[in-house]
Each structure stands twice: as structure tokens, then as C-alpha cells.
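# Geometric and topological summary
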Amino acid sequence: MLPAFLAGCGGLIIPPASPAHPVVVYVTDYGRHSTLVLPTDSGGLVEYAFGEWGWLARMERQWYRAVAALFFADGSAFGRRFIPQTPALDDFTRILDTRSFVAVSVDRERMAALRDKLDAQYRRLESTAIFSHDGGFFYVHDKTAYWLYHNCNHATAEWLRELGCQVKGPCVTSKFKLKK
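The following refers to the structure shown. Because the structure is predicted, anything quoted here is derived from the model rather than measured. (Residues numbered from 1 in each chain as written. Predicted model: local features only at pLDDT ≥ 70, side-chain atom pairs only at ≥ 80, totals over all residues. Heavy atoms only, no water.)

## Notes on the sheet that holds strand 5 (residues 76–83)
A sheet is described by the order of its strands in space; here seven strands give the open sequence 6-2-3-4-5-8-7, paired in antiparallel fashion. Of all strands in the sheet, those bounded by a partner on one side alone are strand 6 (100–107) and strand 7 (130–132). Looking at each pair of strands side by side, their axes are set apart by 30 degrees on average, direction ignored. Its contacts with the sheet place helix 5 (residues 108–124) against strand 2 (22–29), strand 3 (34–39), strand 4 (45–52), strand 5, strand 6 and strand 8 (137–142), and it is angled at close to 115 degrees to strand 6. Each of strand 2, strand 3, strand 4 and strand 5 touches helix 6 (residues 152–162); the most contacted strand, strand 3, lies at about 35 degrees to it. (Pairing = 2+ DSSP bridges. Helix = DSSP H or I, 4+ residues; strand = E, 2+ residues; numbered from the N terminus. Axes fitted to C-alpha atoms, helices over the stretch in contact; angles between N-to-C directions. Contact = heavy atoms within 4.5 Å.)

Here it is as C-alpha cells:
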């Protein structure tokens with residue numbers, strides 16, 4: 001019953017109305033996991049991820065660890081990876097190896113401020129970084145608690161709110177939708 005209930009618990013993204021200097025950001029859906037992808041000043045992308053340390057950073061993804069990760073997390077991971085060029089929308093899911101994505105228009109200044117904040121957070125913890133061959137992320141230990149009601153999808157929703165979006169719904173799953 002719980003998995004069926006959680007399957008439809010993604011967030012509804014309501015983008016800011018008429019951003020002064022619009023820029024497109026992306027919310028990915030990797031199946032159970034979401035990330036936020038922001039443009040870089042050099043024409044590429046930077047992708048940020050949050051998750052349970054063992055599951056995400058150490059790739060301990062056995063089915064029997066799923067419940068433990070949600071209720072007895074082995075710490076939190078904050079990840080970052082760079083994509084050198086922004087792919088065409090037709091190639092986006094293949095290049096990022098994601099199931100789907102949502103493109104959201106936000107204000108460039110707010111996006112740059114969030115990107116700077118997330119980069120500073122990553123750099124503060126960089127001494128704990130490990131590389132994961134799964135996706136090419138570098139993950140650092142994060143002090144933010146990870147559990148069922150503060151998982152990667154909640155972190156993605158928090159970041160979207162910092163970009164001026166409204167996010168409605170429980171955001172338990174990665175199934176974000178864009179309000180048309």
C-alpha cells in the first residue's frame with residue numbers, strides 16, 4: 001500500500017511569473033531520485049544531488065537497504081557534476097542518463113545566487129569528496145539529515161523555492177510536474 005501511495009507523490013512546480021531575466025533550469029527524474037541542473041557561465045551545466053550516503057555515494061543499492069536508507073540513514077551525501085555543454089532537448093535524457101526532466105524558466109539572478117550558494121556548500125565539504133562512477137558525480141558528506149520526509153526530492157523542492165518557484169504537494173517521489 002505504501003509504495004502505491006508514494007508513486008503519485010511528486011511535486012507540482014509553479015514557475016515564477018515573467019522573470020526579469022529568464023534562464024532555463026532543469027529538474028531530473030532518475031526513477032526514485034531527482035536532481036537540479038543549472039546552467040554555468042561557460043555554456044555547460046552543473047547538476048546537484050542530495051541523498052543517503054551509502055545509497056548514493058557508495059552505491060550500496062541493494063533492495064534490502066532501501067528501507068534502512070529512508071529511516072536509518074548512513075549520513076547524507078551532497079553531489080555535484082559538470083556537463084561541459086548544454087545538450088539539445090532531444091538529447092537531454094540520453095546525455096544526463098535520466099528517465100525524464102522538466103524545464104523551468106526562472107530569474108537568472110536568483111539562479112546564479114543559488115548556484116553560488118550550492119558551490120560554496122560543496123567547497124566547504126570538499127575534503128570529504130568521493131567519486132562515484134555511477135553518473136560521474138563527486139559526493140561530499142552533508143550534515144543535513146536524510147530520511148523519508150527529507151530526501152532528494154524535498155531538497156530539489158527547496159532549491160526550486162529558492163529560485164522563486166512554488167512547489168505544491170508532498171514531494172516524496174521524483175515525479176515533478178510543471179504547471180502549464
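Next comes the rest of the write-up.
## Here's the deal with helix 6
Of all the 11 residues making up helix 6, eight are buried; the element is thus mostly covered by neighbouring parts of the structure. Among all positions in helix 6, only Cys152, Asn153, His154, Ala155, Thr156, Ala157, Trp159 and Leu160 are buried. In the stretch just after helix 6, Gly164 is the one whose phi turns positive, near 95 degrees. (Buried < 20%, exposed > 50% of the residue type's maximum accessible area, 1.4 Å probe, protein only.)

## Looking at unusual backbone geometry
You will see that Ser18, though not glycine, has its phi angle at about 45 degrees, which is positive. Residue position: Ser18 is located in the loop between strand 1 (12–14) and strand 2. Look at Ser18 and you get exposed, because its relative accessible area is 71%.

## Digging into the nonpolar core
Grouped together as the largest cluster of nonpolar side chains are 29 residues, with contacts concentrated most on Leu36, Trp159, Leu160 and Leu163. At the level of elements, strand 2, strand 3, strand 4, strand 6, helix 5 and helix 6 are the ones that each hand at least two residues to this core. What Trp159 contacts, discounting residues up to four positions off in sequence, is Leu36, Tyr48, Ala49, Phe50, Phe78, Leu114 and Leu118. By size, the runner-up hydrophobic cluster in this structure holds seven residues, among which are Ala49, Leu56, Ala57 and Tyr139. (Core = buried A, V, L, I, M, F, W, Y, C linked by side-chain atoms within 4.5 Å.)

## Some points on the pairing of strand 4
Taking burial as the measure, the eight residues of strand 4 include eight buried ones, the bulk of the element. Sheet topology note: the strand 3/strand 4 ladder contains four bridges and is antiparallel. Directly across from Val37, in strand 4, lies its bridge partner Glu47. With antiparallel pairing between neighbouring strands as the criterion, strand 3 and strand 4 make up a hairpin whose turn holds five residues, including Gly43 at a positive phi of roughly 95 degrees.

## As for the sheet that holds strand 1
Ordered by their spatial adjacency, three strands build an open sheet running 9-1-10, and the pairing between neighbours is mixed. At either margin of the open sheet sits one strand with a lone partner, and together these are strand 9 (166–168) and strand 10 (177–178). Judged from the three bridges that link them, strand 1 and strand 9 form a sheet pairing that is antiparallel. When the bridges of strand 9 are listed, Ile13 appears paired with Val167.

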